[in-house]
Each structure stands twice: as structure tokens, then as C-alpha cells.
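# Reading the structure
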Amino acid sequence: MKAAVIMGSTSDLAKVEPAIDILKKYGVEVNVRCLSAHRAHAGLSEFMKEVNENGTEVVIAAAGMAAALPGVVASQTVLPVIGVPLSGSVLDGMDALMSIVQMPPGIPVATVAINGSKNAAYLALQIIAVKHDEIRKALLDDRRAMEESAMKANEEVQAKYS
Ligand code: RP5
């Protein structure tokens, strides 16, 4: 099981790391790169050739500001691409969100929330789970644990105010 995570700058790293951690926790091999679509376009295309040939099942691409990266990545593969708009500019991530979500028909990017790295990882896992039953089972176990803890929180709130 293999995924690629690409970010536009090392300044994005702290906002992208949660996705890497979650994928690794589930046992997915993650190839991480910092390759800006604007500043390192040739290197990005080289890496995308590798991604298309090495058994990668899903790509997460995260960028801030003009955020061309997820769209450019999507233009070079038919693998599912998940885009993560990042905050940090004076427009606080709205710039990146608008850029990533507005793809032309035929070149989709599945866009998550601003700084939504965790959900990018969970969506990547759900894509991987279509083929890998162990990931599907692990996701279902974690959903059950999540529900238990949500119901426990409900009981605590109920007890406090009744
Ligand atoms: C984008 O420009 C990067 O993804 C980053 O979020 C933003 C600023 O990059 P740096 O100037 O911090 O390298 O391409």
C-alpha cells in the first residue's frame, strides 16, 4: 500500500505532517516530497512519472497561496488526487481553497477543508480500503471507537446538567 504526499514548500510541513502520521499509523508506505508547481515544475513532473509507475494508489497535494500544485499533479495522473488548501497568506487559506476546488471538468481534485490534512489522510485511506480489506477493517474499528467516545461525552454532558 503506497501513497504520495506532496507539499509546495517546507513552510507547509507542520500543516501536512498530521496526514503523514495518520497514513503511517495505518501501515501505508508514504513517499513525501516538497515540490512546488511554480518553483520546481520539472522536478514535480519527474516525481509524477515515478508515482504513475511505482504502485502508488492515491496522492495528497497540499499548498497555500495560488496553490497550483494539486491541479498540476492531477493533470499528470489518473490516480485520485486529494488537495489540501493551506492557510498562511493574508487571505488565510481562502485563496488556496478557491484555487484548488475550481478545477476544469475532466481534471478533478478532491478538495478538503483549509488545513484539512487529517481528513485528506482518512479520505486517502478510504480510497486504499476499496482494494485492501485490512485498511477497511481498521477504519471500521476506529469509527466504532470514535462513536463510543462521542457517546461517552454525551453521557458526561447529560450527567452534568441533569
Ligand atoms: C505555496 O506558497 C506553498 O505551498 C506555500 O504554502 C506558499 C508560501 O511558500 P514559501 O514562500 O513559504 O516557501 O506555493
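Higher on the page you've got the structure.
An account of the accompanying structure is given in this report. (Residues numbered from 1 in each chain as written. Predicted model: local features only at pLDDT ≥ 70, side-chain atom pairs only at ≥ 80, totals over all residues. Heavy atoms only, no water.)

Before going further, it helps to spend a moment on the nonpolar core. Leu23, Ile60, Leu125 and Ile135 are the most contacted members of the largest nonpolar core, which totals 26 residues. Broken down by element, this core gets its largest block of residues, six residues, from helix H5 (residues 117-129). Apart from residues no more than four positions distant in its own chain, Ile60 is found in contact with Ala4, Val5, Ile6, Ala19, Leu23, Ile82, Val84, Ala120, Ala121 and Ala124. Among the nonpolar cores identified, the runner-up in size contains 19 residues, and Leu35, Ala63, Val73 and Ala96 belong to it. (Core = buried A, V, L, I, M, F, W, Y, C linked by side-chain atoms within 4.5 Å. Buried < 20%, exposed > 50% of the residue type's maximum accessible area, 1.4 Å probe, protein only. Helix = DSSP H or I, 4+ residues; strand = E, 2+ residues; numbered from the N terminus. Contact = heavy atoms within 4.5 Å.)

In this section: the pairing of strand E1 (residues 2-7). A large share of E1 lies buried, amounting to six of its six residues. By the alternation rule, side chains of E1 split into Lys2, Ala4 and Ile6 and Ala3, Val5 and Met7, which are all buried. By the bridge criterion, six bridges tie E1 to strand E2 (residues 29-34) in an arrangement that is parallel. Of the residues in E2, the one forming a bridge with Ile6 is Arg33. Traced from E1 through helix H1 (residues 13-25) to E2, the parallel crossover comes out right-handed. When E1 meets strand E3 (residues 58-64), the two strands line up parallel, connected through five bridges. Note on E3: the bridge partner recorded for Met7 is Ala62. (Pairing = 2+ DSSP bridges. Right-handed = clockwise from strand over helix to strand, strands pointing away.)

Next up on the list: the pattern of salt bridges. Going through the model one piece at a time under the given rule, you end up with eight salt bridges. Here Asp133 makes a salt bridge to Lys137, at a shortest N to O gap of 3.1 Å. A residue pair is termed a helical-turn pair when its members lie 3 or 4 positions apart in one helix, as Asp133 and Lys137 do in helix H6 (residues 133-161) at four residues. Looking at Asp133, the relative accessible area reads 38%, which means it is partly exposed. Looking at Lys137, the relative accessible area reads 49%, which means it is partly exposed. (Salt bridge = Lys/Arg side-chain N within 4 Å of Asp/Glu carboxyl O.)

All right, on to the environment of Asp92 then. Examined against the element boundaries, Asp92 turns out to sit in the loop between strand E4 (81-86) and helix H4 (94-101). A C-alpha to C-alpha distance of 8.8 Å links Asp92 and Gly64, two positions 28 residues apart in sequence. Non-local contacts of Asp92, meaning those with residues more than four positions away in its chain, are made with Ser87 and Ile114.

In this structure, the largest pocket encloses a volume near 340 Å³. Lining the largest pocket are 20 residues; nearest its centre among them are Ser9, Asp12, Arg39, Gly64 and Met65. By residue class, the composition of the lining of the largest pocket is eight nonpolar, nine polar and three charged. Computed from the structure, the second largest pocket encloses a volume of approximately 200 Å³. Taken together, Tyr26, Asn119, Tyr122, Gln126, Arg136, Leu139, Leu140, Asp142, Arg143 and Met146 form the lining of the second largest pocket. At the level of secondary structure, the elements contributing two or more residues to the lining of the second largest pocket comprise H5 and H6. At six residues, the largest contribution of residues to the lining of the second largest pocket is made by H6. For the lining of the second largest pocket, the residue count by class is five nonpolar, two polar and three charged. (1 Å grid on protein atoms, 1.4 Å probe; cavity = no way out; pocket = protein on both sides within 12 Å on 5 of 7 lines; lining within 4 Å. Points joined across faces, edges and corners; volume = space filled by probe spheres on them. Nonpolar A, V, L, I, M, F, W, Y, C, P; charged D, E, K, R; others polar.)

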